[in-house]
Amino acid sequence: VQLQASGGGLVQAGDSLRLSCALSGGTFSTYGMGWFRQAPGKEREFVAAISRSGRTRYSDSVKGRFTISRDNAKDTVYLQMNSLKPEDTAVYYCAATLLFIPTMRNDYNYWGQGTQVTVSS
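Residues numbered from 1 in each chain as written. Predicted model: local features only at pLDDT ≥ 70, side-chain atom pairs only at ≥ 80, totals over all residues. Heavy atoms only, no water.

Asks: When you look at unusual backbone geometry in this model, what are you seeing that I'm missing?
Replies: One can expect most non-glycine residues to show negative phi and most peptide bonds to be in trans. Phi at Ser 83 is positive, roughly 50 degrees, even though this residue is not glycine. In this fold, Ser 83 is placed in the loop between strand 8 (76-81) and strand 9 (90-97). Even without glycine at this site, Ile 101 takes up a positive phi of about 35 degrees. The residue Ile 101 is located in the loop between strand 9 and strand 10 (110-111) in this model. (Helix = DSSP H or I, 4+ residues; strand = E, 2+ residues; numbered from the N terminus.)

Asks: Can you walk me through the sheet that holds strand 3 (residues 17-24) in this structure?
Replies: Each strand in a sheet pairs with its neighbour through backbone hydrogen bonds, running either in the same direction (parallel) or in the opposite one (antiparallel). Spatially, four strands are ordered 1-3-8-7 in an open sheet, and the strand pairing comes out antiparallel. The two strands at the open ends of the sheet, each matched to only one other strand, are strand 1 (2-6) and strand 7 (66-71). In this sheet, adjacent strand axes meet at a mean angle of 15 degrees when their direction is disregarded. Judged from the six bridges that link them, strand 7 and strand 8 form a sheet pairing that is antiparallel. What sits directly across from Ser 69, in strand 8, is Tyr 78. (Pairing = 2+ DSSP bridges. Axes fitted to C-alpha atoms, helices over the stretch in contact; angles between N-to-C directions.)

Asks: Hey, could you run me through the pattern of salt bridges in this one?
Replies: Opposite charge on two side chains permits them to pair, given that their charged atoms come into close proximity. Evaluated as defined, the whole model comprises four salt bridges. Here Arg 37 ties to Glu 45 by a salt bridge, and the two come within 2.7 Å at their closest N and O atoms. Classification of Glu 45 by relative accessible area gives partly exposed; the value is 36%. Ionic pairing is found between Lys 63 and Asp 60, a salt bridge with its closest N-O pair at 3.3 Å. One salt-bridge network, held together by shared partners, links Arg 37, Glu 45, Arg 65 and Asp 88. (Salt bridge = Lys/Arg side-chain N within 4 Å of Asp/Glu carboxyl O. Buried < 20%, exposed > 50% of the residue type's maximum accessible area, 1.4 Å probe, protein only.)

Distances and angles like these do not, on their own, reveal function.
Structure, rendered in structure tokens:
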């Protein structure tokens, strides 16, 4: 299974971005999907996850601003990020899991390469 994340970039505070992550080499619909992020000098942290059936879970820091969704026909998971803040600056990683929308890194089986999101103030 390979995951390819894209959509990162440099934006200003208050702007929006949509990240995408395409899965190949496996059956997308059988996996729950998650997004994590890692800022410089910090641990990789959970951002959002979506189950095979579309149930979602968010970290408190992004709830109400970010939306995770999936398109099983395109084998792709998305992270719509609105009202971005400088503290959202990080490398964002997508991941696939066989579990029900876990929040722990070790519960994810496959990881993408990451895409940089930089939010200027």
